[in-house]
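Given next are the chains, with one letter for each unit.
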Amino acid sequence: MVRYSMFRNNKEMLEKFSKYSKIYGVLFILLGLAGIFYPTVMSLATAIFYGWLLMFSGIMMAFHTYQTNKKDWLGWLKAFIFFIVGAMIVIYPVAGVAALGLMFAVYFFLDAFASITLAFELKPSSMWWLSLLNGILSAAIGIFFIIGWPFSSLFLVGLFVGISLFFDGIVLLTMGMTAKEIEEEAPVASEAQQN
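Residues numbered from 1 in each chain as written. Predicted model: local features only at pLDDT ≥ 70, side-chain atom pairs only at ≥ 80, totals over all residues. Heavy atoms only, no water.

Draft legend 1. Highlighting helix α2 (residues 11-37). The end-to-end C-alpha distance of α2, which contains 27 residues, comes to 39 Å, matching closely the 39 Å that a straight helix rising 1.5 Å per residue would cover. Among the residues of α2, L14, S18, S21, G25, I29, G32 and G35 are the ones counted as buried. (Helix = DSSP H or I, 4+ residues; strand = E, 2+ residues; numbered from the N terminus. Expected span 1.5 Å × (residues − 1). Buried < 20%, exposed > 50% of the residue type's maximum accessible area, 1.4 Å probe, protein only.)

Draft legend 2. Fine view of unusual backbone geometry. Put simply, W149 and P150 share a cis peptide bond, and its omega is 5°. Here P150 is to be found in the loop between α6 (128-147) and α7 (153-194).

Draft legend 3. Expanded view of helix α4 (residues 73-91). In this model α4 runs 26 Å from its N-terminal to its C-terminal C-alpha over 19 residues, within 8% of the 27 Å that 1.5 Å per residue would give. Buried residues of α4: G75, A79, G86, A87 and I89, and no others. The arc enclosing the buried residues of α4, seen along the axis, measures out at 160°, which places them on a common side. Opposite the buried face of α4, at more than 90 degrees from it, the exposed residues are W73, L74, F80 and I91. On the buried face of α4, the contacting elements are α3 (39-68) and α5 (93-121). (Arc of directions from axis to C-beta. Contact = heavy atoms within 4.5 Å.)

In structure tokens form, the structure reads like this:
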């Protein structure tokens, strides 16, 4: 069982952690299922969200450059690039999804290389094959992204974001239920310590 030592002596914090972990866990599961069943919508939503983040980052960089060194043309250029790239992704989200698909492909190929290399370094140990399997699966996912790129990105980006959100939700929900169990055990444990 997961131990939440920082919460053990604080029942109020444990109750809040349990309550909000369950709420957000369910929300993440629902968002994940939406992404799994409607991957194209999730892909577009992810690209638009990423675009807005870039635009906001550009504004913050421009504000920082203005406050610290108004003559720093590289700071202004960086802020301008972030803002323009973010705006282009928001205006043309399908192109943004294609770019995200390419970044995911590169990530999975790098992960495959690292995992397979690690597997051969661990080879005498009994569990070396798990790292090898992870590398092979990562390479396969990377190939899926590349085979139909850029069109496959419209489906795959949303699917993988949905799967990730779904499992994050399960983890949060499980942590919330485990925290509830600890909360119920806490009075019993404190009574036993007093006796």
